[in-house]
Amino acid sequence: MSTSVGQARAALGARLRELRRDARLSGKSMAESCGWHPSKVSRIELGRQQPSEDDLLQWCRTTGSMMVYDDLVATLRNLQSMYLEWRRVVASGRAHRQRQSLEIEGRADHLRWFESWVVPGLLQTPDYARAILIECRKLVPGGRDDIEEAVAVRMTRQRILRSGGRRFAFIIGEAALHQVVGSAAIMAAQLQALIGHAANPRVDLSIVPLAAAAPIGSHGFAMFDRDSVMVETISAELTVTRPSEIAVYDDAFRAMHEIAEHGSAAVGILARIADEHERKHGAADS
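The paragraphs below set out a description of the structure included in this document. As the structure is a prediction and not an experimental result, all values here were calculated from the model.

Quick look at the packing of aromatic side chains now. Counted by the stated rule, this structure contains six aromatic pairs. Each ring, one from W36 and one from W59, has its centre 6.0 Å from the other, and the planes form 40°; the classification is tilted. Placement of W36 in the loop between α2 (27-34) and α3 (38-45) and of W59 in helix α4 (residues 53-63) is noted, with a sequence separation of 23 residues between them. With respect to burial, W36 and W59 carry one shared label: buried. Each ring, one from F114 and one from F221, has its centre 5.7 Å from the other, and the planes form 50°; the classification is tilted. Remark: F221 occurs in strand β5 (residues 221-224) and F114 occurs in strand β2 (residues 110-115); sequence separation between them is 107 residues. Like F221, F114 is buried. The ring of F253 has R112 sitting right over it, with the charged end atom 5.6 Å from the ring centre.

Among the residues making up α3, those that are buried are K40, V41, I44 and E45. Buried positions in α3, seen along its axis, are confined to an arc of 125° and lie on one side of it.

Relative to the assigned elements, K40 resides in helix α3. You can call K40 buried: its relative accessible area is 14%. Reaching out from K40, the side chain makes a polar contact with the side chain of D55 at a distance of 3.0 Å. Sequence-distant contacts of K40, that is, excluding residues within four places in its chain, are made with Q49 and D55.

Despite not being glycine, R24 shows a phi value in the positive range, around 60°. With respect to the helices, strands and loops of the structure, R24 is situated in the loop between α1 (3-22) and α2.

Conventions used here
- Residues numbered from 1 in each chain as written.
- Predicted model: local features only at pLDDT ≥ 70, side-chain atom pairs only at ≥ 80, totals over all residues.
- Heavy atoms only, no water.
- Phe/Tyr/Trp six-rings, centres within 6.5 Å; stacked < 30°, edge-to-face > 60°.
- Helix = DSSP H or I, 4+ residues; strand = E, 2+ residues; numbered from the N terminus.
- Buried < 20%, exposed > 50% of the residue type's maximum accessible area, 1.4 Å probe, protein only.
- Lys NZ or Arg CZ within 6 Å of the ring centre and 35° of its normal.
- Arc of directions from axis to C-beta.
- Polar contact = N/O pair within 3.5 Å; in protein donor to acceptor, adjacent residues only side chain to side chain.
- Contact = heavy atoms within 4.5 Å.

Pasting the structure below:
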């Protein structure tokens, strides 16, 4: 789990410990008053267990601290928004999650996005996006069956690439271009689309070659101005807002940008690999 999530949970636990001590209650008496297992109080105070809103209500009632209950609930909800399991995210459907991305991306003036294994969502073709979403549904089942609607919304997201004064920087690992998503034909079309995006003056598109001495064998991430960073893991979505952590991602993006190929060199890589996929597609049809 991200440092920011762990630290936020620990800070909440420390605040609850202060309330208990101010009320002159031991951990054991606190647990007894709330009807909890004795270890629950220590787990919450040490940040090892996240309390529920009902837990906070009992805590405040027991310690006579109802005046701070609303603030504690707000802290808890902010912590919950930092780390969301995919099963919770997709419960309302994948199209709903795509609409949330529309709002998040629409608020940013400068979006920077690094991916090592997939093409960034804002640059995907409909067929590539559909193949990705189908695989995601296999990995994290549940929610509405709204893949086509989700693809349509993802394509709507691309409008911001062609309007307004926003700036975009995308760094893609070359491995993502070789990785076959859907089929060789889908990949060939996707890479041709990337060549088209590279011609957009608002878009800085660069490729990290396979032979590059990449300093970071990292997960992908998207940076929205200098306000937040979104990270997608296999099981969850993480939003980083702590300035010190954002600075680390900023340095990581700069480091990858320095070793990446840009302009015509990046387009050359895209064209070469697109041709490879075209040949594979032709061989499959023959």
